[in-house]
Amino acid sequence: MTPDPAAAPPVEFAAIEWGGRAARIEYERIAGPAERPIVVFLHEGLGSRSMWREFPRELCAAACLRGLVFSRLGYGRSSPEGARDIDYLHRQAHEALPAFLDAAGVGTQRPWLFGHSDGGSIALLHAARFPQRVAGIVVVAPHIFVEQETVRGLERAREGYLASDQRARLARHHDDPETVFWSWNDVWLLPRFRSWNIERELEAIRCPLLAVQGVDDEYATLEQIRGIARRVPQARLLELEASGHSPHRDQPRELIGAVADFIAHAP
């Protein structure tokens, strides 16, 4: 089922407190039956609400789900995040995400989380810290530790940004594209970030978990999701052929089918 573009939901803003100041987060709701689960979509390191394009609506339509799509602090039209350090994914998972879910009125509904890349890491960390608040999670190309492939991918991304019109393309989706790119790229390339690792924390996850990765991921090896399986016994893995770091763009039909089936049969 293809969503009707004319029925695109309006953009809303949720008010939260962040770093002792008022902040706002842009989001949109995807309508669905009230009795069906709600899925919260967590974007990648350069992503935003609008950069998901039609994927969240297509997934929700196919699986008969409700959805919530938002831009994290510092992204899209949301308020700036402020200074970022190597703990930024933990802060997003432990502080910003709970505040947003409460402000958007879904904090008590035990949503499903669908996270891509950085968003996948945030989903994992949130589910580990707040097991009672999450019904289940789907993580696509998540990071649980830093590999050499990750560093090389970030170095290539930096070279590509400097040599292309990527800033102009990001400006279509972000108020501050320069900060979006450099706050992501600079932190991940810090020498002290090489020791970043969340494997031990994953052991606290109790909910159903589907971990997906493209076989041709340009930022990591399959050890990322295989490492999840070693720490989370109930995790199910999906390794997608002919897919890089963004399976929702490379293999959307297969991914949607797998996610719909997983959620439908989750305990």
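This text gives an overview of the structure that appears in the document. Just so you know, the residues in each chain are numbered from 1, in the order the chain's sequence is written. Owing to the predicted nature of the model, reporting of local features is limited to residues with pLDDT of at least 70; listing and counting of side-chain atom pairs is limited to 80 or more, with chain, interface and lining totals taken over all residues. Remark: hydrogens and water are excluded; side-chain values derive from all non-hydrogen atoms of the structure.

**Things to note about the overall build of the protein chain**
Right, so step 1: Strands here are runs of E lasting at least two residues and helices are runs of H or I lasting at least four, both read from the DSSP assignment and numbered beginning at the N terminus. Helix and strand counts for the protein chain come out as 9 helices and 8 strands.
Right, so step 2: A principal-axis box enclosing the C-alpha atoms of the protein chain has dimensions of 45 × 40 × 35 Å.
Right, so step 3: A total of 267 residues make up the protein chain; the buried ones form 57% of that total.
Right, so step 4: By definition, residues are in contact when any of their heavy atoms lie within 4.5 Å. Of the contacts formed within the protein chain by residues at least 6 apart in sequence, a portion of 75% connects residues at least 24 apart.
Right, so step 5: Only the protein chains shown count as cover for residues, and the accessible areas themselves come from Shrake-Rupley with a 1.4 Å probe. When the accessible area of the protein chain is evaluated, it comes to approximately 11300 Å², of which 50% is carbon and sulfur surface.
Right, so step 6: Separation of charge centres in the protein chain, based on 31 positive and 36 negative side chains, amounts to 3 Å. Burial classes: relative accessible area under 20% of the type maximum marks a residue as buried, over 50% as exposed, and values in between as partly exposed (1.4 Å probe, protein chains only). For this count, His and the chain ends are skipped, Lys and Arg are scored as positive, and Asp and Glu as negative. Working definition for charges: the position is that of NZ of Lys, CZ of Arg, CG of Asp or CD of Glu.

**Observations concerning the pairing of strand β8 (residues 236-240)**
Right, so step 1: Strand pairing is assigned whenever DSSP detects at least two bridges linking the two strands. As paired elements, strand β7 (residues 209-214) and β8 share 5 bridges and run parallel to each other. Note that in β8 the partner of glycine 214 across the bridge is leucine 240.
Right, so step 2: Whether a crossover is right-handed depends on one test, that the path from the first strand over the helix to the second runs clockwise when the strands point away from the viewer. The handedness of the β7 to β8 crossover, carried by helix α7 (residues 223-231), is right-handed.

**Structural notes on the pattern of salt bridges**
Right, so step 1: Whenever a carboxyl oxygen of Asp or Glu lies within 4 Å of a side-chain nitrogen of Lys or Arg, that contact is scored as a salt bridge. Under the defined criterion, the tally for this structure stands at 18 salt bridges.
Right, so step 2: When the shortest N-O distance is used, the salt bridge between arginine 253 and glutamate 58 registers 3.6 Å. Of this pair, arginine 253 sits in helix α9 (residues 252-264) while glutamate 58 sits in helix α1 (residues 55-63); the two residues are 195 residues apart in sequence, bridging distant segments of the chain.
Right, so step 3: Residue glutamate 58 is classed as buried on the basis of its relative accessible area, which comes to 18%.
Right, so step 4: We note a salt bridge from arginine 158 to aspartate 186, for which the minimum N-O separation is 2.7 Å. Here arginine 158 is found in helix α4 (residues 148-163), whereas its partner aspartate 186 is found in helix α6 (residues 177-188), with 28 residues between them in sequence.
Right, so step 5: One connected set of salt bridges, linked through shared partners, spans Glu26, Glu28 and Arg49.

**Regarding the packing of aromatic side chains**
Right, so step 1: Under the pairing criterion, centres of Phe, Tyr and Trp rings, with the six-membered ring standing for Trp, must be within 6.5 Å; the plane angle then separates stacked pairs below 30 degrees from edge-to-face pairs above 60, leaving the rest tilted. For the structure shown, the criterion picks out 16 aromatic pairs.
Right, so step 2: Relative to phenylalanine 114, the ring of phenylalanine 41 lies with its centre 5.4 Å away and its plane at 40 degrees, an arrangement referred to as tilted. Of this pair, phenylalanine 41 sits in strand β3 (residues 38-42) while phenylalanine 114 sits in strand β5 (residues 112-116), placing them 73 residues apart in sequence.
Right, so step 3: The exposure class of phenylalanine 41 is buried, given its relative accessible area of 0%.
Right, so step 4: Residue classification places phenylalanine 114 among the buried residues on the basis of a relative accessible area of 2%.
Right, so step 5: The structure contains a cluster of three or more aromatic residues connected by ring pairs, namely Tyr161, Phe181, Trp182, Trp184 and Tyr219.
Right, so step 6: When the ring centre of tyrosine 88 is taken as reference, the NZ or CZ atom of arginine 84 above it lies at 3.9 Å. Distance and angle both matter: a charge sits over a ring if NZ of Lys or CZ of Arg is within 6 Å of the ring centre and within 35 degrees of the ring normal.

**Here we look at the sheet that holds β8**
Right, so step 1: Read from one edge to the other, the open sheet built from 8 strands follows the order β1-β2-β4-β3-β5-β6-β7-β8, with strand pairing classed as mixed. The open sheet is flanked by β1 (12-18) and β8, the only strands paired with a single partner. Neighbour-to-neighbour, the strand axes of this sheet turn through a mean angle of 20 degrees, independent of strand direction.
Right, so step 2: Its contacts with the sheet put helix α3 (residues 118-129) on β3, β5, β6 (136-140) and β7, and the angle it makes with β5 is roughly 145 degrees. Each axis is a line fitted through C-alpha atoms, and for a helix only the stretch in contact is used; angles between axes span 0 to 180 degrees, taken between their N-to-C directions.

Distances and angles like these do not, on their own, reveal function.
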